[in-house]
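# Structural characterization, general
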Amino acid sequence: IESIFFQETPTKLLSSTEFLDKVGSSIPSSFKRSLDTNFMLGVYRPSDKNIKSGTFFIFKSSSYEQAVAGSYVWEKTLLDEFSTIFGIDIRGDKVILLQKSFDDTIIYNTDARVLTGTANEPLIYSVLLNQNLYMVSDSKEAIIEAIKRLRTQNAKPL
């Protein structure tokens, strides 16, 4: 996993809300206010070359309730806002993808949401990794890796 950090100045990282403002995000304001200033944009590059690399965002929220409610509302514009970052073409006849809704799915025993393309291929996933962490990714494998790392990090010896 590689992290990408945005700097506003050489000594100041861009906060989550500043980043979302700069990309013109329509994230619900209550969800946005609950976000920690730090966020992560990353790239997952698996060691198995047969598995596709994936891009992801992880945001930390101080309110599980705001994260749940906000993530469902935000789904309506996620594709439009992040299609360029995720490399998803929404031009021409593919503009219909902007009208599609996310569906429920399960990833590594965790409830998630997925937006599929015209051939039913997954385009973007939205998942609450735990009570505080919200992840958006174009890769199921990136989400699985994040879940595994969180479970290992939080594991307690018997």
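Anything mentioned here points back to the structure above.
This write-up is about the structure you can find in this document. (Residues numbered from 1 in each chain as written. Predicted model: local features only at pLDDT ≥ 70, side-chain atom pairs only at ≥ 80, totals over all residues. Heavy atoms only, no water.)

Okay, the overall build of the protein chain next. Helix and strand content of the protein chain: 4 helices and 9 strands. The helix and strand sequence of the protein chain, counted from the amino end, reads β-β-β-α-α-β-β-α-β-β-β-β-α. Against the globule reference of 15 Å for 158 residues, the protein chain gives a C-alpha radius of gyration of 16 Å, in line with a compact fold. Taken across its 158 residues, the protein chain has 44% of its residues classed as buried. Nonlocal contacts in the protein chain, meaning residues at least 24 apart in sequence, comprise 49% of its contacts between residues at least 6 apart. Of the roughly 9200 Å² that the protein chain leaves accessible, carbon and sulfur atoms contribute 50%. Positive and negative side-chain charges in the protein chain, numbering 18 and 19 respectively, have mean positions lying 3 Å apart. (Helix = DSSP H or I, 4+ residues; strand = E, 2+ residues; numbered from the N terminus. Rg over C-alpha atoms; globule rule 2.2 N^0.38 Å. Buried < 20%, exposed > 50% of the residue type's maximum accessible area, 1.4 Å probe, protein only. Contact = heavy atoms within 4.5 Å. Areas by Shrake-Rupley, 256 points an atom, 1.4 Å probe, with all protein chains shown as cover. Lys, Arg positive; Asp, Glu negative; His and termini not counted. Charge placed at Lys NZ, Arg CZ, Asp CG, Glu CD.)

Before going further, it helps to spend a moment on the environment of serine 3. Looking at where serine 3 falls in the secondary structure, it is placed in strand β1 (residues 2-4). Judged by relative accessible area, which is 36%, serine 3 ranks as partly exposed. Each C-alpha atom of the pair serine 3 and serine 137 lies 14 Å from the other, and the pair is 134 residues apart in sequence. Those residues in contact with serine 3 that lie beyond four places of it in its chain are Met40, Leu41 and Gly42.

Bringing the pattern of salt bridges into the picture now. In this structure the tally under the stated criterion is 6 salt bridges. A salt bridge links glutamate 18 to lysine 12; the nearest nitrogen and oxygen atoms lie 3.0 Å apart. Exposure remark for glutamate 18: the relative accessible area of 24% places this residue in the partly exposed category. The salt bridge involving aspartate 21 is made with lysine 32; its shortest N-O contact spans 2.2 Å. In this pair, aspartate 21 sits in helix α1 (residues 16-22) while lysine 32 sits in helix α2 (residues 29-34), placing the two residues 11 residues apart along the sequence. The exposure class of aspartate 21 is partly exposed, given its relative accessible area of 48%. The exposure class assigned to lysine 32 is buried, which follows from its relative accessible area of 19%. Each of Glu75, Asp104 and Arg113 takes part in a single network of salt bridges with overlapping partners. (Salt bridge = Lys/Arg side-chain N within 4 Å of Asp/Glu carboxyl O.)

Pairing between sheet strands relies on hydrogen bonds along the backbone, with the strands arranged either parallel or antiparallel. The strand order across the open sheet built from 7 strands is β1-β4-β5-β9-β8-β7-β6, with neighbouring strands paired in antiparallel fashion. Bordering the open sheet on either side are β1 and β6 (103-107), each of which pairs with just one other strand. Direction aside, the axes of adjacent strands within the sheet are offset by 30° on average. The pairing of strand β5 (residues 54-61) with strand β9 (residues 133-137) spans 5 bridges and is classified as antiparallel. Paired with isoleucine 58 across the two strands is methionine 135, which belongs to β9. (Pairing = 2+ DSSP bridges. Axes fitted to C-alpha atoms, helices over the stretch in contact; angles between N-to-C directions.)

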